[in-house]
Amino acid sequence: MNLKELFSESELTQRITVYRRYGQHHPDHGEWSERHYMVNVTAIVYPAGQDDLLKLLEGERYLPAIRILSQDPLIEGDIALHQNHRWRLTQLSNFSHYGYYDATAVRHEGTAQPTARGFIVT
């Protein structure tokens, strides 16, 4: 069963922005350098169910969660923007042979963000 046709239904899909990290070690001094870039993907987004939450790490099960289905590859750690919130992709399944990728994402706000300055030691 190929679900590719679902992504042509405008009532089911929406465009979301995904921030993806890219990093490498500097060749001269070995320091890690990381950049972010945006990817716009067409996705089906819906609330995560109880069975979806069981797949998450224990500490993440209490956070609000959504499911994201996309024809574009999704990567663990990507940050998706949906309904004015940031969602960190944590649990991934590659169903590309059925025409889609599946991710469970948890709300990623406040000091959980990698660039947050919530705990500055002075």
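Quick caveat, the model's predicted, so the values are computed rather than measured.

Caption draft 1: Examining the pattern of salt bridges more closely. In total, this model carries four salt bridges according to the counting rule given. The closest approach of N and O atoms between E60 and R88, which form a salt bridge, is 3.0 Å. On the criterion of sequence distance, the pair formed by E60 in the loop between helix 1 (50–54) and strand 3 (65–70) and R88 in strand 5 (residues 85–95) is long-range, its members being 28 residues apart. The exposure class assigned to E60 is buried, which follows from its relative accessible area of 11%. For R88, a relative accessible area of 24% translates into the label partly exposed.

Caption draft 2: View of unusual backbone geometry. Located in the positive-phi region is Q83, a residue other than glycine, with phi close to 50 degrees. Of note, Q83 is situated in the loop between strand 4 (79–82) and strand 5. On the basis of relative accessibility, which here comes to 62%, the residue Q83 falls in the exposed class.

Caption draft 3: Spotlight on the nonpolar core. With 14 residues, the main nonpolar core has I16, I68 and L89 as its most contacted residues. Of all the secondary structure elements, the ones that give two or more residues to this core are strand 1 (14–25), strand 2 (32–47), strand 3, strand 5 and strand 6 (100–107). Not counting the four nearest positions on each side in its chain, I68 is found in contact with I16, A43, I44, V45, L74, A80, L89, Y101, D102, A103 and A105.

Caption draft 4: Spotlight on empty space enclosed by the protein. Following the criterion strictly, the structure yields one cavity of 30 Å³ or more and no others. Estimates place the volume of the largest cavity at around 40 Å³. In terms of lining residues, the largest cavity is bounded by D52, K55, R67, Q91, S93, D102, A103 and T104. Those elements that place two or more of their residues in the lining of the largest cavity are strand 5 and strand 6. Sorting elements by how many residues they give to the lining of the largest cavity places strand 6 first, with three residues. When its residues are assigned to classes, the lining of the largest cavity shows one nonpolar, three polar and four charged.

About the thresholds
Residues take numbers from 1 onward in each chain, read along the sequence in its written order. It should be noted that, the model being predicted, local features are given only for residues of pLDDT at least 70 and side-chain atom pairs only at 80 or more, the latter also being counted only at that level, while totals for whole chains, interfaces and linings use all residues. Excluding hydrogens and water, the side-chain figures rest on all heavy atoms present in the structure. For salt bridges, the criterion is a side-chain nitrogen of Lys or Arg within 4 Å of an Asp or Glu carboxyl oxygen. Secondary structure elements are defined from DSSP: runs of H or I of at least 4 residues count as helices, runs of E of at least 2 residues count as strands, and each element is numbered from the N terminus. Exposed residues in this analysis have more than 50% of their type's maximum accessible area, buried residues have under 20%, and partly exposed residues fall in between, with area computed by a 1.4 Å probe over protein chains only. Think of a nonpolar core as a cluster: buried Ala, Val, Leu, Ile, Met, Phe, Trp, Tyr and Cys residues, connected wherever their side-chain atoms sit within 4.5 Å. Contact criterion: two residues are considered in contact whenever any of their non-hydrogen atoms come within 4.5 Å of each other. With a 1 Å grid laid over protein atoms only, a set of points is called a cavity when a 1.4 Å probe fits there but cannot get out and a pocket when it is open yet has protein on both sides within 12 Å along at least five of seven lines; lining residues have an atom within 4 Å of a point. Grid points are joined across faces, edges and corners, and a volume is the space filled by probe spheres set on the points. The nonpolar class holds Ala, Val, Leu, Ile, Met, Phe, Trp, Tyr, Cys and Pro. Asp, Glu, Lys and Arg form the charged class, and all remaining residues, Gly among them, are polar.

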